[in-house]
Amino acid sequence: MTGIDTTFLIDLEILESPRHTAAVEVFNNWRNEKNSILVIYSNVFNEFLHVVTDFRRFTNPVPMEAAIERCWYWIDHSRVRVVYADDDSLKRQLLWMSMHNLGRKRINDTTMAAAYAQAGVSKIITANPNDFEIFNSFEIISYGEKL
């Protein structure tokens, strides 16, 4: 199973993103793998809604109603599984934060990674591979440069 970072959903949605074309290519490759499951950590949707609707970040932000509809697309997709933090992933998150001496700016990514690891995710699609490489738990599929 392949987990996705919030960057991937954002870059798929925002045409002005310099990584949009690369994200679409990765998405199309996934669509062609008929038995491949994407896993999305539930908080990815919150981060997605926060970012794509921000008029300070983008010339053409997505209206909230359209952004919510896009979330429903993913949630209802037959090849997508939404995962949530649980007691075991919280313990893994806290362990990783202690082991790697991670601070407050790494809480969200570490929580996501822990939930993915707990769910059996073996790969993560991201534009920010440094956020996940430290955990030595995933094959990283990096598709572009940082914004």
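Our subject is the structure listed above.
Residues numbered from 1 in each chain as written. Predicted model: local features only at pLDDT ≥ 70, side-chain atom pairs only at ≥ 80, totals over all residues. Heavy atoms only, no water.

Peer 1: Where do I start with the packing of aromatic side chains in this structure?
Peer 2: How two aromatic rings sit relative to each other is set out by the distance from centre to centre and by the angle between their planes. A full pass over the atoms with the stated rule returns five aromatic pairs. Ring centres of Phe27 and Trp30 lie 5.8 Å apart, and the angle between their planes is 35°; on these two criteria the pair is classed as tilted. Highlighted residues: Phe27 and Trp30, both in helix α2 (residues 20-32), separated by three residues, approximately one helical turn. Of the two residues, Phe27 and Trp30, neither departs from the other in class, the shared state being buried. Ring centres of Trp96 and Phe135 lie 4.4 Å apart, and the angle between their planes is 20°; this geometry places the pair in the stacked category. Of this pair, Trp96 sits in helix α5 (residues 87-99) while Phe135 sits in the loop between α7 (130-133) and β5 (139-142); the two residues are 39 residues apart in sequence, bridging distant segments of the chain. Aromatic rings pair up to connect Phe27, Trp30, Tyr73 and Trp74 into one cluster. When the ring centre of Trp30 is taken as origin, the NZ or CZ atom of Arg79, which lies over that ring, is 4.2 Å away. (Phe/Tyr/Trp six-rings, centres within 6.5 Å; stacked < 30°, edge-to-face > 60°. Helix = DSSP H or I, 4+ residues; strand = E, 2+ residues; numbered from the N terminus. Buried < 20%, exposed > 50% of the residue type's maximum accessible area, 1.4 Å probe, protein only. Lys NZ or Arg CZ within 6 Å of the ring centre and 35° of its normal.)

Peer 1: What should I look at first to understand helix α1 (residues 6-13) in this one?
Peer 2: Each α-helix turn comprises 3.6 residues. Residues three or four places apart therefore point the same way. Within α1, seven of the eight residues are buried, which leaves it mostly tucked inside the rest of the structure. Turning to α1, its buried residues are Thr6, Thr7, Phe8, Leu9, Ile10, Asp11 and Leu12. Elements that come into contact with the buried residues of α1 comprise β1 (2-4), α2, α3 (43-52), α4 (64-76), α6 (107-119) and β4 (123-126). (Contact = heavy atoms within 4.5 Å.)

Peer 1: Help me understand unusual backbone geometry in this model?
Peer 2: Across the chain, the bulk of peptide bonds are trans and the bulk of non-glycine residues have phi less than zero. Residues other than glycine seldom take positive phi values, yet Asn101 does so here, at roughly 55°. Looking at where Asn101 falls in the secondary structure, it is placed in the loop between α5 and α6. A relative accessible area of 71% means that Asn101 is categorised as exposed. Phi is positive for Asn136, which is not a glycine, with a value near 50°. Among the secondary structure elements, Asn136 is positioned in the loop between α7 and β5. Here Asn136 falls in the exposed class, since its relative accessible area comes to 70%.

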